[in-house]
Amino acid sequence: MVACALTKAREFGYDTVACASTGNLANSVAAHSAEGGFRAYIFIPHDLEQGKVLGTLLYGANVLSVNGNYDEVNRLCAEAGDKYGWAFVNINLRPFYGDGSKSFGYEIAEQLGWKAPDHVIVPCAGGSLISKIYKGLNEFDRLGLIDGGVSTKMYAAQAKGCSPITTAIKTNAEVFRPQKPNTIAKSIAIGNPADGYMAMDTVRKSGGWADDVTEEEIIDGIRLLGRTEGIFTETAGGVTVSVAKKLAAQGRFKPDEIVVIAITGNGLKTQEAVVGKLGETFGIQPNLASLEAALNTEKLLAGVGV
Amino acid sequence: MAVNVLVPTPLRKFTNNQDTVLVAPGTIVSLVAELEQQFPGINKSLTDDSGELRRFINVYVNEEDIRFLEGKNTPIKDGDSVSIIPAIAGG
Ligand SMILES: Cc1ncc(COP(=O)(O)O)c(C=O)c1O
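All of these numbers come straight from a predicted model, not from anything done at the bench.

Topic: the overall build of chain A
1) Next: Looking only at helices and strands, chain A has 13 helices and eight strands in total.
2) Next: Relative to the compact-globule value of 19 Å for 306 residues, chain A shows a C-alpha radius of gyration of 21 Å, a close match.
3) Next: Summarising its shape, the C-alpha atoms of chain A cover approximately 70 × 45 × 35 Å along the three principal directions.
4) Next: Counting over 306 residues, chain A shows a buried share of 48%.

Here's what the structure looks like:
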């Protein structure tokens, strides 16, 4: 999606790009700016994880760490966007950034052998991605590329500590209430989601649903995905896995249906959230006796547990 | 003194390109009414047919979202700063 936005920035003649970000867009805008030779200003909330901050600084972007939450960063950027002639990826380039993420939907269909899944669960922050995945699937269908059409149900996943979208859906509300985020899932901690209505609309018209999970369930979700699929996801992925588990327990998926869980971020970026919670190493001496003793302890005899 | 209102770019076509305008103290409701008086046509962009603030418009009084205050009845007094900001996406 950033490739799409920056291509347009070049076409429009900008030399400076910017974005407000919960961390992941930051990495991407910084990287693509380096490659495309743009000056970049990246605005992030001050309390982001180290991995995301390093992964932005690395590319030589100017990183402005704002003393506030994402919604405050966003407000500042809206004001700054008015003042400086920059290409803000999520303001004046927003349509291109948004439509860029339709490729997620394209890839799902392609990887399923040109079929649409029965269910897709998507973590929601500003609420854009979920509707763009749906749009991507439907565009492919219109092009005749999808066997059997699209009757995919879309599900929104959020953390309980920041759940304006899922709360509105679960309570059948017309309007969502903004929240002050408080969750380890910082990537998706947007309390005032700009595309919240679009997300609600996508869920409703597709016949899907929504749910949200506790901080503990987020960690459980990260662990479960790692120990069953060999994938280390960040906290947003933990949200999505655990929400999928809840939806399954509610009987929303039939055993023979295809369920896609959108794992949107790498676990190495949010290590702070799981340090000390995924298990411990065993310290031993560099000799067989010490190894033997360790192997005989109850924990190692029990093997790897989920 | 008065209340300072920050006008976003899309609405400056109504304000002769002024990025800030001054209004009298009162509430958000009276602010919108006064803006319409000063700049006829502007309230179509701010409120819907039933007079409610449009849902993609965010209003902040001294940096706090009015939905965390008293909504459109949030009081504004001399020296306050009000920002009107269209919702923007992120990630
Ligand atoms: C890891 C991750 N997943 C999902 C999203 C959801 O994006 P959207 O703002 O489109 O709802 C984000 C946005 O920041 C993200 O960082």
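Next comes the rest of the description.
Re the interface of chain A and chain B
1) Next: In this assembly, 26 residues from chain A lie in contact with 20 residues from chain B.
2) Next: Across the chain A to chain B interface the summed buried area is about 2,000 Å²; carbon plus sulfur atoms make up 52%.
3) Next: Along the contact surface separating chain A from chain B lie two salt bridges.
4) Next: Residues glutamate 64 of chain B and lysine 180 of chain A are paired through a salt bridge, measuring 2.8 Å at the closest nitrogen-oxygen approach.
5) Next: Connecting chain A to chain B are six residue pairs in polar contact (both at pLDDT 80 or more).
6) Next: Top element by residues in the side of chain A that touches chain B is helix 4 (residues 70-83) of chain A. It accounts for six residues.

Looking at the sheet that holds strand 5 (residues 119-123) of chain A
Residue and element names in this part refer to chain A.
1) Next: Read from one edge to the other, the open sheet built from four strands follows the order 7-6-5-8, with strand pairing classed as parallel. In this open sheet, the two edge strands, each paired with only one partner strand, are strand 7 (210-213) and strand 8 (259-261). Sheet twist, expressed as the mean angle between neighbouring strand axes with direction ignored, is 20°.
2) Next: One ladder, built from three bridges, connects strand 5 with strand 8; its direction is parallel. Looking at strand 8, one finds that isoleucine 121 is bridged to isoleucine 261.
3) Next: Contacting strand 5 and strand 6 (153-159), helix 7 (residues 129-142) crosses the sheet at an angle of about 160° to strand 6.

Re the pairing of strand 2 (residues 20-23) of chain B
Residues and elements named next belong to chain B.
1) Next: Burial along strand 2 is one-sided: Val21 and Val23 are buried, and none of Thr20 and Leu22, which face the opposite way, are.
2) Next: Sheet topology places strand 1 (residues 3-6) next to strand 2; four bridges connect them, and they run antiparallel. For asparagine 4, the partnering residue across the bridge sits in strand 2 and is leucine 22.

Describing the environment of phenylalanine 68 of chain B
1) Next: Inspection of the secondary structure assignment puts phenylalanine 68 of chain B in the loop between strand 5 (64-65) and strand 6 (75-76).
2) Next: Apart from residues no more than four positions distant in its own chain, phenylalanine 68 of chain B is found in contact with Pro178, Gln179 and Lys180 of chain A.

Details of the domain arrangement of chain A
All names here are of chain A.
1) Next: For chain A, the assigned domains read domain 1 (2-97), domain 2 (101-274) and domain 3 (280-306).
2) Next: If you look at the interface, domain 1 gives 14 residues, while domain 2 gives 16 residues.
3) Next: Summed over both partners, the interface of domain 1 with domain 2 buries about 1,300 Å², with 42% contributed by carbon and sulfur atoms.
4) Next: Summed over the three residues of domain 1 that lose the most area to domain 2, namely Asn24, Glu49 and Asp71, the buried surface amounts to 36% of that side.
5) Next: Between the two partners, domain 1 and domain 2, sit two salt bridges.
6) Next: The partner of arginine 94 in a salt bridge is aspartate 195, and the shortest N-O contact between them spans 2.4 Å.
7) Next: At the boundary of domain 1 with domain 2, the tally comes to 11 residue pairs in polar contact (both at pLDDT 80 or more).
8) Next: Among the secondary structure elements, those contributing two or more residues to the side of domain 1 that touches domain 2 are helix 2 (24-36), helix 3 (50-57), helix 4 and helix 5 (94-100).
9) Next: Counting residues per element, the side of domain 1 that touches domain 2 draws most heavily on helix 3, which supplies three residues.
10) Next: Its residues assigned to classes, the side of domain 1 that touches domain 2 comprises three nonpolar, six polar and five charged.

So, how was this worked out
Residues numbered from 1 in each chain as written. Chains lettered and ligands numbered in written order. Predicted model: local features only at pLDDT ≥ 70, side-chain atom pairs only at ≥ 80, totals over all residues. Heavy atoms only, no water. Helix = DSSP H or I, 4+ residues; strand = E, 2+ residues; numbered from the N terminus. Rg over C-alpha atoms; globule rule 2.2 N^0.38 Å. Buried < 20%, exposed > 50% of the residue type's maximum accessible area, 1.4 Å probe, protein only. Contact = heavy atoms within 4.5 Å. Buried area = accessible area lost by both parts, 1.4 Å probe. Salt bridge = Lys/Arg side-chain N within 4 Å of Asp/Glu carboxyl O. Polar contact = N/O pair within 3.5 Å; in protein donor to acceptor, adjacent residues only side chain to side chain. Pairing = 2+ DSSP bridges. Axes fitted to C-alpha atoms, helices over the stretch in contact; angles between N-to-C directions. Domains from an automatic or database assignment. Nonpolar A, V, L, I, M, F, W, Y, C, P; charged D, E, K, R; others polar.

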